[in-house]
Amino acid sequence: MKLKREFFERDTLEVARDLLGKIIVREIGERIIKARIIETEAYCGVEDKACHARHGKTKRNAPMWGPAGFTYVYLCMGLHNLLNIVTGEKDQPEAVLIRGIIPLTGTSEKFKSYGPGNLTKYLKINRGLNNHDTIYSRQLWFEDDEFAIALKNITSAPRIGISYAAEYRHKPWRFILKI
DNA sequence: AGTAGGATGGGCT
DNA sequence: GCCCATCCTACTC
């Protein structure tokens, strides 16, 4: 079942946790690529000193202010496309970063790791899919396949690469699913 | 107009 | 662990 807008309109921390075990589906012409989400990070609005939205609205981070369920894809370190999904209410600049996946298709392709910058390569996602509505999309959307998650297999931890974020650097807003 | 610094990943030591 | 590829954004002047 495709995830609906309501799924993403909830509290960002809940969405980040609930995305664990869900499927990302990427359709390119005849080809379908699927992957299960196993790691996410929540970025919680202007008050979150690690969030791109902390300095206000810019051309880059504008999608975060839009409706939930849209993508926010941006270039990191000049070479990595990172995939976020906008969450919470409109005008609340919150999003969940997809940090880790397990590929379910096309495993013959050699990708050694599936960190946030590499999973977009596997899924063939770049900034052309920025600000893209996944709810009505034929190119990129999320699905629940009833995959059972045991709560004990979910852990949380501080987010990666945000040491500048003052008191927010220690917030356990990264969620990891052990399969 | 110029520049510093990233929500990184891979390879080598 | 350290280094480096690589380039856009936002801030400063």
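This structure is a prediction, so every number in the text was calculated from the model and none was measured.

A. Examining the protein's contact with DNA strand B more closely. Close to DNA strand B lie 22 residues; His80, Asn84, Gly115, Asn118 and Tyr164 are nearest. Among all atoms of DNA strand B positioned within 4 Å of the protein, those belonging to sugar or phosphate total 54%. Residue Gly117 places a main-chain N or O atom 2.8 Å away from a phosphate oxygen belonging to DNA strand B. Contributing elements (two or more residues each) for the surface near DNA strand B: strand 3 (71-76), strand 4 (80-86) and helix 3 (116-122). Residue composition of the surface near DNA strand B, by class: 12 nonpolar, 9 polar and 1 charged.

B. Just the packing of aromatic side chains, in detail. Under the criterion given, the structure shown has 4 aromatic pairs. When the ring of Phe7 is compared with that of Phe8, the centres are 5.1 Å apart and the planes differ by 75 degrees; the resulting orientation is edge-to-face. Under the relative-accessibility criterion, Phe8 is labelled buried at 0%. Look at Tyr72 and Tyr74: their rings are 5.5 Å apart centre to centre, the planes differ by 20 degrees, and that puts the pair in the stacked class. Members of the aromatic cluster, connected to one another through ring pairs, are Phe7, Phe8 and Phe142. Directly above the aromatic system of Phe7 lies the positively charged group of Arg10, at a separation of 4.7 Å from the ring centroid. In this arrangement the basic side chain of Arg159 is found over the ring face of Tyr43, its NZ or CZ atom lying 4.8 Å from the centre.

Reading the values: rules and limits
- Residues numbered from 1 in each chain as written.
- Chains lettered and ligands numbered in written order.
- Predicted model: local features only at pLDDT ≥ 70, side-chain atom pairs only at ≥ 80, totals over all residues.
- Heavy atoms only, no water.
- Near = heavy atom within 4 Å.
- Polar contact = N/O pair within 3.5 Å; in protein donor to acceptor, adjacent residues only side chain to side chain.
- Helix = DSSP H or I, 4+ residues; strand = E, 2+ residues; numbered from the N terminus.
- Nonpolar A, V, L, I, M, F, W, Y, C, P; charged D, E, K, R; others polar.
- Phe/Tyr/Trp six-rings, centres within 6.5 Å; stacked < 30°, edge-to-face > 60°.
- Buried < 20%, exposed > 50% of the residue type's maximum accessible area, 1.4 Å probe, protein only.
- Lys NZ or Arg CZ within 6 Å of the ring centre and 35° of its normal.

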